[in-house]
Amino acid sequence: MYEKPLEWIGGSRKDLKAMPSEVQADIGFALYQAQLGEKHEDAKPLKGFRGAGVLEVVDNFDGNTYRAVYTVRFEFAVYVLHIFQKKSKSGITTPTQDIELVEKRLKLAQDHHQANYDNRSLSD
């Protein structure tokens, strides 16, 4: 089975490391499954992005909600776009500034993938 590399965009890796260890483990497992081409049972398409290529995993721990947004749109890598603690206590909607950050980082991921993976094949 081919394991895609995990690419971290912006401060997403640092943000994950700042989370409680239980959250790091849960999100890490979901990302590992994505690297293997599988989908974590809690992974859902992020609303506002066409298709299922941009996913989010929501993890509730100790009364707080944490979210990881990543993309599996690209053939050779999984890109972690944004990891954050949801601050709002009402509603499940992702805040506009977080959606805008995901859009910006998705473009960075696309540019990175083109620059680093476009001349590869799965057998490389």
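Summarised in this report is the structure supplied together with it. Treat the numbers as computed from the prediction; the structure is a model and nothing was measured.

## Regarding the pattern of salt bridges
Right, so step 1: On inspection of all chains with the given rule, the structure shows 2 salt bridges.
Right, so step 2: Salt-bridge contacts for Glu56 lead to Arg67; the nearest nitrogen and oxygen are separated by 3.5 Å. Note that Glu56 is positioned in strand S3 (residues 54–61) and Arg67 in strand S4 (residues 64–71), a separation of 11 residues in sequence. Taken as a pair, Glu56 and Arg67 share a single burial class, namely buried.
Right, so step 3: A salt bridge links Lys107 to Asp111; its shortest N-O distance comes to 2.8 Å. Placement of both Lys107 and Asp111 in helix H3 (residues 96–117) is noted, with a separation of 4 residues, approximately one turn of the helix.
Right, so step 4: Taking relative accessible area as the criterion, Asp111 reaches 33% and is therefore assigned partly exposed.

## Some details on helix H2 (residues 21–35)
Right, so step 1: Over its 15 residues, H2 extends 21 Å from the first C-alpha to the last, a length consistent with the 21 Å expected when each residue adds 1.5 Å.
Right, so step 2: If you check which residues of H2 are buried, you get Val23, Ile27, Ala30, Leu31, Gln33, Ala34 and Gln35.
Right, so step 3: In this structure, the buried residues of H2 make contact with strand S1 (6–8), helix H1 (12–17), S3, S4 and strand S5 (78–86).

What counts, and where the lines are drawn
- Residues numbered from 1 in each chain as written.
- Predicted model: local features only at pLDDT ≥ 70, side-chain atom pairs only at ≥ 80, totals over all residues.
- Heavy atoms only, no water.
- Salt bridge = Lys/Arg side-chain N within 4 Å of Asp/Glu carboxyl O.
- Helix = DSSP H or I, 4+ residues; strand = E, 2+ residues; numbered from the N terminus.
- Buried < 20%, exposed > 50% of the residue type's maximum accessible area, 1.4 Å probe, protein only.
- Expected span 1.5 Å × (residues − 1).
- Contact = heavy atoms within 4.5 Å.

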